[in-house]
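# Report on the structure
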Amino acid sequence: MRILVTGCAGFIGYHLTTRLLTDGHDVVGLDNFVSGSRTNVDALRDNSRFTFVEHDVCEPLPDMELPKRIYNLACPASPSDFGPRPLEILAVCSRGVENLLELAQRSGARLFHASTSEVYGDPREHPQKETYWGHVNPVGPRSCYDEGKRFAEALLTAHARAHSTAIRIARIFNTYGPNMRSDDGRMLPNFICQALSGEPLTVHGDGRQTRSFCYVDDLVAGIIRLTESDVTEPVNLGNPVEISIIDVAREVIELTESASEITHIDRPKDDPSVRRPDITRARTLLGWQPEVDRAVGFRRTIEWFRSRKS
Ligand code: UDP
């Protein structure tokens, strides 16, 4: 099948594209490298069924053979992008999504959209079900991403109601694995690189805030399963096993056998205190749940970062 993947140079976009190519599909990948990596695209180019177009999805889309599926992974997603790139993030969540909706309508393609657990903000309901409306500061440092993604969900839903566009929305929780950018500012690449270099691990605040980490292969399986299902309501995709950030730091030190210590630095404003998906909907409607244990996934990720360092 002919498939368009936007954001193919990013961490999740790269893994999704690799899986789609392995499954025998023809994939056109779009990226403008605002946060994606050229190395990922170079690796994808090894496959003759992959075509790359350097393009910003906020601009009118290039002419192409019409796809049957569109996977929209285009958007800077690390909290360290929110400060320097708020306008790009809001544009890609609005104009970018609108362009893809128009393409989906014109081609009759199914449009998968990568939404996020950030639509729940700093949640007052725990774990988070899809029915929870969230607790988001509309003018805070994370608002470009949180509100951008909330707007995108509203736009997709309105378009589907008005034009019967085929949409699929996943709310993606923290995901990790090989090919994360070492400089993307996220906790896990930071901790692993710090541990491998013998530097202190920088825990924000006391580290009692929690997250739930899903291995990227599990996530990609969920994304494809959702897209090929008839489920049009948003679905949480993530691993429901919750852990505090300080315990992640300890696990990374142990798994890397590092002599690094832990240092505590200021916690960013509006940093969510807890995050854990309720995945009942994904389990029931898609028959999906994560399979990769955190210790296994952390080891694979550490080995990948280690191999790049040497
Ligand atoms: N964090 C940390 N040290 C770092 C980077 C992040 O303690 O070097 C914390 C951050 O404040 C948050 C958690 O780790 O509580 C996860 O942050 P990340 O940037 O990975 O993504 P988020 O879940 O906030 O989108």
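Predicted, not measured: the structure shown is a model, and the values here were computed from it. Here, residues in each chain are numbered from 1, in the same order as that chain's written sequence. It should be noted that, the model being predicted, local features are given only for residues of pLDDT at least 70 and side-chain atom pairs only at 80 or more, the latter also being counted only at that level, while totals for whole chains, interfaces and linings use all residues. For side-chain calculations, the full set of non-hydrogen atoms in the structure is used, while hydrogens and water are omitted.

### Points about the nonpolar core
To define a nonpolar core, start from buried Ala, Val, Leu, Ile, Met, Phe, Trp, Tyr and Cys residues and group those joined through side-chain atoms within 4.5 Å. Whether a residue is buried, partly exposed or exposed follows from its accessible area with a 1.4 Å probe, protein chains only, as a fraction of its type maximum: under 20%, in between, or over 50%, in that order. Ranked by internal contacts, the top residues of the largest apolar core, which has 60 residues, are V5, L16, Y71, F191, I223, L237 and V248. Contact between two residues is taken to exist if any of their heavy atoms lie within 4.5 Å; hydrogens are not considered. Leave out the neighbours within four places in its chain, and L16 touches V5, Y71, L73, V220, I223 and I224. I70, V92, I167 and I169 belong to the second-largest nonpolar core, a separate cluster that totals 29 residues.

### Some details on the pairing of strand β4 (residues 69-72)
A run of H or I in DSSP counts as a helix once it spans at least four residues, and a run of E counts as a strand once it spans at least two, with each numbered from the N terminus. Burial of β4 is two-sided: the residues R69 and Y71 facing one way and the residues I70 and N72 facing the other way are all buried. Of the strand pairs in this sheet, strand β1 (residues 2-6) and β4 are connected by 4 bridges, and their pairing is parallel. Counterpart to V5 in the pairing with β4 is Y71. Two strands qualify as a pair provided DSSP detects at least 2 bridges between them.

### What to know about helix α8 (residues 245-256)
One turn of the α-helix equals 3.6 residues, which is why residues spaced by three or four share an orientation. In a helix, the anticipated span is given by 1.5 Å times the number of residues less one. Its 12 residues place the ends of α8 17 Å apart at the C-alpha level, agreeing with the 16 Å of an ideal helix rising 1.5 Å per residue. Turning to α8, its buried residues number three or more, namely I245, I246, V248, A249, V252, I253 and T256. Projected onto a plane normal to the axis of α8, the buried residues spread over an arc of 160 degrees and lie on a single side. Of the surrounding elements, those touching the buried residues of α8 are α6 (187-197), β8 (201-204), β9 (210-212), β12 (242-244), β13 (262-265) and α10 (294-309). A positive phi of about 50 degrees marks E257, the residue just after α8. Taken from the helix axis, the directions to the C-beta atoms give the arc we talk about.

### Here we look at helix α5 (residues 143-163)
Relative to the 30 Å expected for 21 residues at 1.5 Å per residue, α5 spans 29 Å between its end C-alpha atoms, a close match to the ideal helical length. Residues S143, C144, Y145, D146, G148, K149, A152, E153, L155, L156, H159 and A160 constitute the buried set of α5. Buried residues in α5 make contact with α3 (79-82), α4 (86-107), β5 (110-116) and β6 (166-172). At the C-terminal side of α5, S164 shows a positive phi close to 55 degrees.

### Focus: the site of the ligand
Here, proximity means that at least one heavy atom of the residue falls within 4 Å of the molecule or strand. Contacts to the ligand come from 18 residues, most closely from T202, H204, R211, D271 and R275. Distance and chemistry together define a polar contact, namely a pair of N or O atoms within 3.5 Å, with one atom able to donate a hydrogen and the other to accept it when in protein, and with adjacent residues in sequence counting only for side-chain atoms on both sides. Contact between the ligand and T202: a nitrogen atom at 2.6 Å from a main-chain N or O atom of the residue. One nitrogen or oxygen atom from the side chain of H204 is found 2.7 Å from an oxygen atom belonging to the ligand. Calculation of accessible area relied on Shrake-Rupley with a 1.4 Å probe; when residues are assessed, cover is drawn exclusively from the protein chains displayed. For the ligand, the protein covers 94% of the area, taking 520 Å² as the surface of the free molecule. For the shell around the ligand, the secondary-structure elements that each account for two or more residues are α6 and β8. Gly is placed with the polar residues, together with every amino acid not listed as nonpolar (Ala, Val, Leu, Ile, Met, Phe, Trp, Tyr, Cys and Pro) or charged (Asp, Glu, Lys and Arg). Per-class residue counts for the shell around the ligand are 6 nonpolar, 6 polar and 6 charged.

### A closer look at the sheet that holds strand β11 (residues 235-237)
Across the sheet, which stays open at both edges, the 7 strands sit in the order β3-β2-β1-β4-β5-β6-β11 with parallel pairing between neighbours. In this open sheet, the two strands that pair with only one neighbour each are β3 (50-54) and β11. Taken over all neighbouring pairs, the strand axes of this sheet differ in orientation by 20 degrees on average, direction set aside. Here strand β2 (residues 26-31) pairs with β3 via 5 bridges, running parallel. When the sheet's bridge partners are listed, V28 is paired in β3 with T51. Lines fitted to the C-alpha atoms define the axes, with helices restricted to the stretch that makes contact. Angles between their N-to-C directions range from 0 to 180 degrees. Of the strands in this sheet, β1, β4, β5 and β6 touch α4, which is tilted by about 170 degrees from β4. Taken strand by strand, α5 contacts β5 and β6, and its axis lies near 155 degrees from that of β5.

### Concerning the packing of aromatic side chains
Here a pair means two rings of Phe, Tyr or Trp (six-membered ring of Trp) with centres within 6.5 Å. Their orientation is stacked below 30 degrees between planes, edge-to-face above 60, and tilted elsewhere. Counted according to the given criterion, the structure contains 10 aromatic pairs. Considering the side-chain rings of F33 and F52, the 5.5 Å spacing of their centres and the 45 degrees angle between planes classify their relative orientation as tilted. Here F33, found in the loop between β2 and α2 (38-44), pairs with F52, found in strand β3; they are 19 residues apart in sequence, far enough to count as distant. A relative accessible area of 15% means that F33 is categorised as buried. Here F52 falls in the buried class, since its relative accessible area comes to 15%.

### Topic: the pairing of β6
Counting buried positions along β6 yields 6 of 7 residues, so the element is predominantly enclosed. Summarising the sheet, β6 and β11 pair through 3 bridges and their orientation is parallel. Pairing of A170 across the sheet is with V235, part of β11.

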